[in-house]
Amino acid sequence: MIMLKSFMDSLSLFIKVIKRSKLSMLGFIILLGYLVMATVGPEIIPYSEKSNPKEIFLPPSWEHPLGTDYAGRDVLQQIVHGSRPILLVATLTALISVMVAIAVGMVAGFKGGIVDAVLMVVVDIMLTIPGFPLLIVLATTLLKGSTNPFALAFILSITSWASLARAIRSQVLTLRERDFIEAAKLLDLGTFHIIIRELLPNMMAYVIINFMLSIINAIYNMVGLFIIGLLPFEAQNWGLMIQLGITHAGSLFSARTAYYLITPIVAIVLLQVGIVLFSRSIEEYFNPRLRGSRK
Amino acid sequence: MKKEILEIENLSVEYKLEERTIKALENVDLRVYKGEALGIAGESGCGKSTLAYAILNSVPYPGKITSGKVVYDNTINILKLSDKEISKIKWKEIALVPQASQNILNPVLKIYDHFEETFKAHEPSIKRGDIKSKAKELLEMVRLDPKRVLNSYPHELSGGMRQRVIIALSLIFNPKVLILDEPTSALDVLTQYYFMRVLNSLKRKLNITIIFITHDMAVLAEIADRIAIMYAGKIVEVAPSEDIFLKPKHPYTEALIKAIPSVTGNLEGLKSIPGQPPDLASPPPGCRFAPRCPYADNKCQKVEPKLKKIDNEHMVACLRW
Amino acid sequence: MMNNSSILELKKVTFAYLKRVSILGKTKPVYVLDKINLNIHENEIIALVGESGCGKTTLGKIIAGLYRPWKGEILYQGKNVWKMSKQEFKEYRRHVQMIHQNPFESLNPSHTVFDIISFPLFRHKIVKNREEAEQKIRELLEIVGLSPPEIFMSKYPHELSGGQRQRVVIARTLSVEPKVLIADEPVSMLDVSLRLDLLNLMLNLQKEFGMAIIFITHDFGLARYFAKNGRTVVMYLGQIIEIGNTEDVILNPYHPYTKALLSVVPVPDPNYAKTRKVIELRSWDIPSIENPPTGCRFHPRCPYYIEGKCNKQEPELRKIDKNRLVACHIFS
């Protein structure tokens, strides 16, 4: 019962914070839209692989709100169906990256000394290796044609955890000087407790925003790999659409066919815009002082 | 006959927040006489800083002056002046030195540059030689060595020295009134003492009017001729310094003095004031101090006492008088 | 009553921090504490007084075991703290606690009062389950005057006033049953009218639970009130220059610095301000801790300066009277 009450409290506080800024609310609605599209969308909108040569590259209409592609297939249906695999992998990647970054960054930042030095050497090595070329190498050698989203997420996270780890470490370096952390040390609450229960809750806004930005980062990396043609395609996804748009459909060259290329790009950029707008509410939610409560 | 240099009448200030409105000052009346040192004392949230800013119509957003007037030199109502007209008064006739101002010094500018900037901001045509000689004169007045200080950066000076530089800067245009908001809060005991000494000598030499705002009443014993005590947005007592400390009439003043342990005098009978100051978004009816007042009775919770003159120089807002 | 056994002994404790002197990362040590000798007895109240930069806060943190001295030793119940076994150090940590100055910073803003006090209770196995924790926390909140405790348990720090937060801090500290409490300016950020209540609370708790309290402050008035029946230690530029019974030191200071300080402390009485005799110092400026004066560190400002002696020889903290130690050549 207590859990339910505190959940309801958090929810009502969340709603209150969102209402404060129109832009943030817009961001939230956008993100909600993507969530719905990725989870429920494919069930609602039917998918047909059938090509329809008579209807290629039709402009947007009521029947085809985003027009048709080079094979006469509805673009909107492709966007909706393409959202799930890409968002699934991207979210998994962000999850893995953030968890590893937290583990490494917080331990290094809080412990300091030789632990910090060793961990930062590892981080620096990862940061010096060029990200995208490394991804290419990993994709060709490790993936071996597999379309398992977890495998793909694992590879993508290898190249993205390091800079986040550094950023989290800096946050910890400032936080650990605060009096309540010193008090926790005095009370001998233990390293694990201090990191997880004293430091981390005060970094939640930072972590969540970086988590969301990692999703976008992962999507860009995936699109990059798709454009090169390195990732095997199993189902529809945006990266695939972009690749096909550039290589097969000639969408780069013709204004009439441009929207086939543009729509997945817009889908990615719109997601990023949604995240950026929404991040302000995240910060307000986690900062008790910004929430505007009484002294 | 004492001349008035500032008359504050019926001044009220509100801070409009998202969910509620805070009545930071309500119907404040205060007279400041030329050449005197007036101390304004009170605890956090009583409105003393707001009062300082309101005098120059500079209450920061979301604060707003909702009523009253501030008459300077018996002629001008500052609150009715335009921005251009007020800039002739700010820093030139009335100088306000805000809290923690020693940290406002620009860390990448030498002290001389600070003087130059301040001069040029108000009198662009001034010559370098004049700046230097005036700066020298002012620094000597606050007992700083110009040779050493003018060429230094702020971080090369101690907190006390920076505070005196700020005072020197505030005196550039020979203002008639100097308003100081918590000037000694960040200073050590010895530094504070030297600062007060400099302030006292300035008052004598320049015949300047000083309004000294602080939460530390003991410091006022060193400089104030008169003291006004504020509580919950109102002035509750105004009297000569000696009367405030030795013969306080308002229960809050009395309790406040009894809550300060000092190095002389009796430690017996000292105690805190029970309870907490009221929420200024919804202050209690009647006297705002009544919930904590040892002398309060039924009437105190219904009728709001007005500041009344009970002696030649002594004013109290309390139903007991 | 003072028990004569020392629970903490500081012997020649010296501490420095490293200051960067070049862009290349070269550092030099700045000695903020120099050869501190101090014995703290069980259940004793000590006021540690000095102006900012004298090292009193750093000394407090060293006593609390947060920093390790560069030179010298700290003995807790006779054992060298930094040579203890892990278990012994854990016990020392628990028994020597500290309260911070800023009530807005010493509580984790993400936790409720219940969480804040329950963490140490569970960690040190003082309670076994949630019911016991609730019971114990209820008791602690009542003891510190936060009543009714049920209301306060579910509050977050930003919902409490400064005074209430300090009380939560005290409750949290009490939960581990400390033997020594270091209070670093515990009331200087509170309103004047609320200070005595908090100080009285601490004094009552000291009597009831028995612990030594080291009260760090720059305010002599508060030191006099709090350590009325204890000792006062005066620090200047990283050294202890005078120790004695509080009333004696305040009414009859020996060291010229203590005399000068006490002669300028503001007192809420304008007649006193007009008639007191102020000890004039030869210089208004405090020397930097990075370059302390040679010999006696106070000599550039001291009105009783003896040329050739005070600037060459460092005075030792020496017993002058029955309960008074002073570091000054006048008394040697």
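Everything below is about the structure printed above this text.
K.L.:
Hey, could you run me through the packing of helix α4 (residues 75-111) of chain A against helix α7 (residues 149-158) of chain A in this one?
P.N.:
Packed helix pairs are specified by the crossing angle of their axes together with the interaxial distance, meaning the distance between the axes. All names here are of chain A. Running from amino to carboxyl end, α4 crosses α7 at an angle of 50°, the nearest separation of the two axes being 8 Å. Judged by the inter-axis angle, α4 sits oblique to α7. Considering the relative orientation of α4 and α7, their crossing is right-handed. Across the interface between the two elements, L88, V89, L92, T93, I96 and S97 from α4 touch P149, F150, L152, A153, F154, L156 and S157 from α7. Its residues assigned to classes, the contact of α4 with α7 shows 10 nonpolar, three polar and no charged.

K.L.:
What exactly am I supposed to notice about the interface of chain B and chain C here?
P.N.:
One frequently used descriptor of interface size is the decrease in accessible area upon assembly of the parts. On the chain C side, the residues contacting the 40 residues of chain B number 43 residues. Each partner contributes to the roughly 3,800 Å² buried at the junction of chain B and chain C, and carbon and sulfur atoms together form 60% of this total. Contact with chain C buries surface across chain B, with L190(B), Y194(B) and V263(B) losing the most and accounting together for 19% of the total. Inspection of the region where chain B meets chain C yields three salt bridges. For E222(B), the salt bridge goes to R276(C), with nearest N and O atoms at 2.9 Å. Listing elements by their share of the side of chain B that touches chain C, those giving two or more residues are α6 (159-170), α7 (189-206), α8 (217-220) and α9 (241-246) of chain B. Ranked by residue count, the leading element in the side of chain B that touches chain C is α7(B), at seven residues. Its residues placed into classes, the side of chain B that touches chain C shows 19 nonpolar, 10 polar and 11 charged.

K.L.:
What is the right way to look at the nonpolar core in this model?
P.N.:
Generally speaking, soluble globular proteins have nonpolar side chains that are buried together. Membership of the largest hydrophobic core comes to 213 residues, with the highest contact counts inside it found for L6(B), F115(B) and I40(C). When sequence neighbours within four positions are dropped, the list of residues in contact with F115(B) reads I131(B), A135(B), L138(B), L139(B), L150(B), A168(B), L169(B) and I172(B). Counting residues in hydrophobic clusters, the runner-up holds 86 residues, among them I30(A), V75(A), M106(A) and V176(C).

K.L.:
What should I look at first to understand the packing of aromatic side chains in this one?
P.N.:
For any pair of aromatic rings, the description rests on two quantities: the centre-to-centre distance and the angle between the ring planes. Enumeration over the complete set of coordinates arrives at 21 aromatic pairs over all chains. Centroid distance Y231(B) to Y252(B): 4.6 Å. Interplanar angle 50°. Geometry classified as tilted. Residue Y231(B) is located in strand β9 (residues 226-231), and its partner Y252(B) is located in helix α10 (residues 251-257); the two are separated by 21 residues in the primary sequence. Relative to F89(C), the ring of W82(C) lies with its centre 5.4 Å away and its plane at 50°, an arrangement referred to as tilted. Cation over ring: K92(B) sits above F173(B), and NZ or CZ is 5.6 Å from the ring centre. The ring of Y254(C) has R324(C) lying over it, and the distance from NZ or CZ to the ring centre is 4.2 Å.

K.L.:
When you look at a nonpolar patch on the surface in this model, what are you seeing that I'm missing?
P.N.:
Residue and element names in this part refer to chain A. A cluster of nonpolar side chains, Y220, I262, I265, V266, V269, L270 and V273, forms an exposed patch at the surface whose accessible area comes to about 540 Å². Considering each element in turn, the nonpolar patch owes the most residues, six residues, to helix α13 (residues 258-286). Along the chain, L270 falls in helix α13.

K.L.:
Sorry, what's going on with the state of the cysteines here?
P.N.:
Linking two cysteines covalently via their sulfur atoms produces the bond known as a disulfide. Counting across every chain of the model gives zero disulfides over all chains. Summary of cysteine pairing: C318(B) is not part of a disulfide, and the nearest cysteine sulfur, belonging to C293(B), is at 6.2 Å.

K.L.:
Any chance you could explain α4(A) here in plain terms?
P.N.:
Residue pairs spaced three or four apart in an α-helix point in one direction, given the helix's 3.6 residues per turn. Residues and elements named next belong to chain A. The terminal C-alpha atoms of α4 lie 52 Å apart, and with 37 residues this matches the ideal 54 Å at 1.5 Å per residue to within 8%. Bending of α4 peaks at approximately 30° at the position of S83, with proline P85 no more than four residues after it. Immediately beyond the C-terminal end of α4, within one or two residues, lies G112, with a positive phi of roughly 65°.

K.L.:
Explanation requested: unusual backbone geometry in the structure shown.
P.N.:
One can expect most non-glycine residues to show negative phi and most peptide bonds to be in trans. In this model, Y61(B) is joined to P62(B) through a cis peptide bond whose omega is 5°. Relative to the assigned elements, P62(B) resides in the loop between α1 (48-55) and β4 (63-72). The omega torsion of the bond from S147(C) to P148(C) falls at -5°, within 30 degrees of zero and hence cis. Residue placement: P148(C) occurs in the loop between α4 (130-143) and α5 (149-153). We note that W91(B) has phi near 70°; this positive angle belongs to a residue other than glycine.

K.L.:
Would you explain the sheet that holds strand β12 (residues 325-326) of chain C in this entry?
P.N.:
Two modes of strand pairing occur in sheets, parallel and antiparallel, and in both the strands are linked by backbone hydrogen bonds. All names here are of chain C. Taking strand neighbours across the sheet as the criterion, the eight strands line up as β6-β7-β8-β3-β9-β10-β12-β11 in an open arrangement whose pairing is mixed. Pairing within the sheet leaves two strands with one partner each, and these edge strands are β6 (96-99) and β11 (318-319). Looking at chain direction, strand β3 (residues 45-49) and strand β9 (residues 231-236) are connected through four bridges and run parallel. Considered in β9, the bridge of V49 is made with V234. Helix α2 (residues 86-95) contacts β6 and β7 (180-184) of the sheet and is inclined by roughly 35° relative to β6. Where helix α10 (residues 256-264) meets the sheet, it contacts β9 and β10 (239-245), and its direction lies at approximately 100° from that of β9.

K.L.:
Please explain the pattern of salt bridges as it appears in this structure.
P.N.:
Two side chains that carry opposite charge are able to pair once their charged atoms sit near each other. All names here are of chain C. For the structure shown, the criterion picks out 38 salt bridges over all chains. For E177, the salt bridge identified is with R94, shortest N-O distance 3.3 Å. Of this pair, E177 sits in the loop between α6 (162-174) and β7 while R94 sits in helix α2, and the two are 83 residues apart along the sequence. Note that R324 and E242 form a salt bridge whose closest N and O atoms lie 2.6 Å from each other. Taken together, the residues span a long stretch of sequence, with R324 in the loop between β11 and β12 and E242 in strand β10 at a distance of 82 residues. Neither R324 nor E242 differs from the other in exposure class; each is buried. Beyond isolated ion pairs, a larger network of salt bridges with shared partners links D34, K35, R297 and E314.

What counts and what doesn't
- Residues numbered from 1 in each chain as written.
- Chains lettered and ligands numbered in written order.
- Predicted model: local features only at pLDDT ≥ 70, side-chain atom pairs only at ≥ 80, totals over all residues.
- Heavy atoms only, no water.
- Axes fitted to C-alpha atoms, helices over the stretch in contact; angles between N-to-C directions.
- Helix = DSSP H or I, 4+ residues; strand = E, 2+ residues; numbered from the N terminus.
- Parallel < 35°, antiparallel > 145°, perpendicular 65-115°, else oblique.
- Left-handed = near helix turned anticlockwise from the far one by under 90°.
- Contact = heavy atoms within 4.5 Å.
- Nonpolar A, V, L, I, M, F, W, Y, C, P; charged D, E, K, R; others polar.
- Buried area = accessible area lost by both parts, 1.4 Å probe.
- Salt bridge = Lys/Arg side-chain N within 4 Å of Asp/Glu carboxyl O.
- Core = buried A, V, L, I, M, F, W, Y, C linked by side-chain atoms within 4.5 Å.
- Buried < 20%, exposed > 50% of the residue type's maximum accessible area, 1.4 Å probe, protein only.
- Phe/Tyr/Trp six-rings, centres within 6.5 Å; stacked < 30°, edge-to-face > 60°.
- Lys NZ or Arg CZ within 6 Å of the ring centre and 35° of its normal.
- Patch = residues over 30% accessible without salt bridge, like charges linked within 9 Å, V, L, I, M, F, W, Y side chains within 5 Å.
- Areas by Shrake-Rupley, 256 points an atom, 1.4 Å probe, with all protein chains shown as cover.
- Disulfide = S-S within 2.5 Å.
- Expected span 1.5 Å × (residues − 1).
- Bend = angle between axes of the 7 residues up to and from the residue.
- Pairing = 2+ DSSP bridges.

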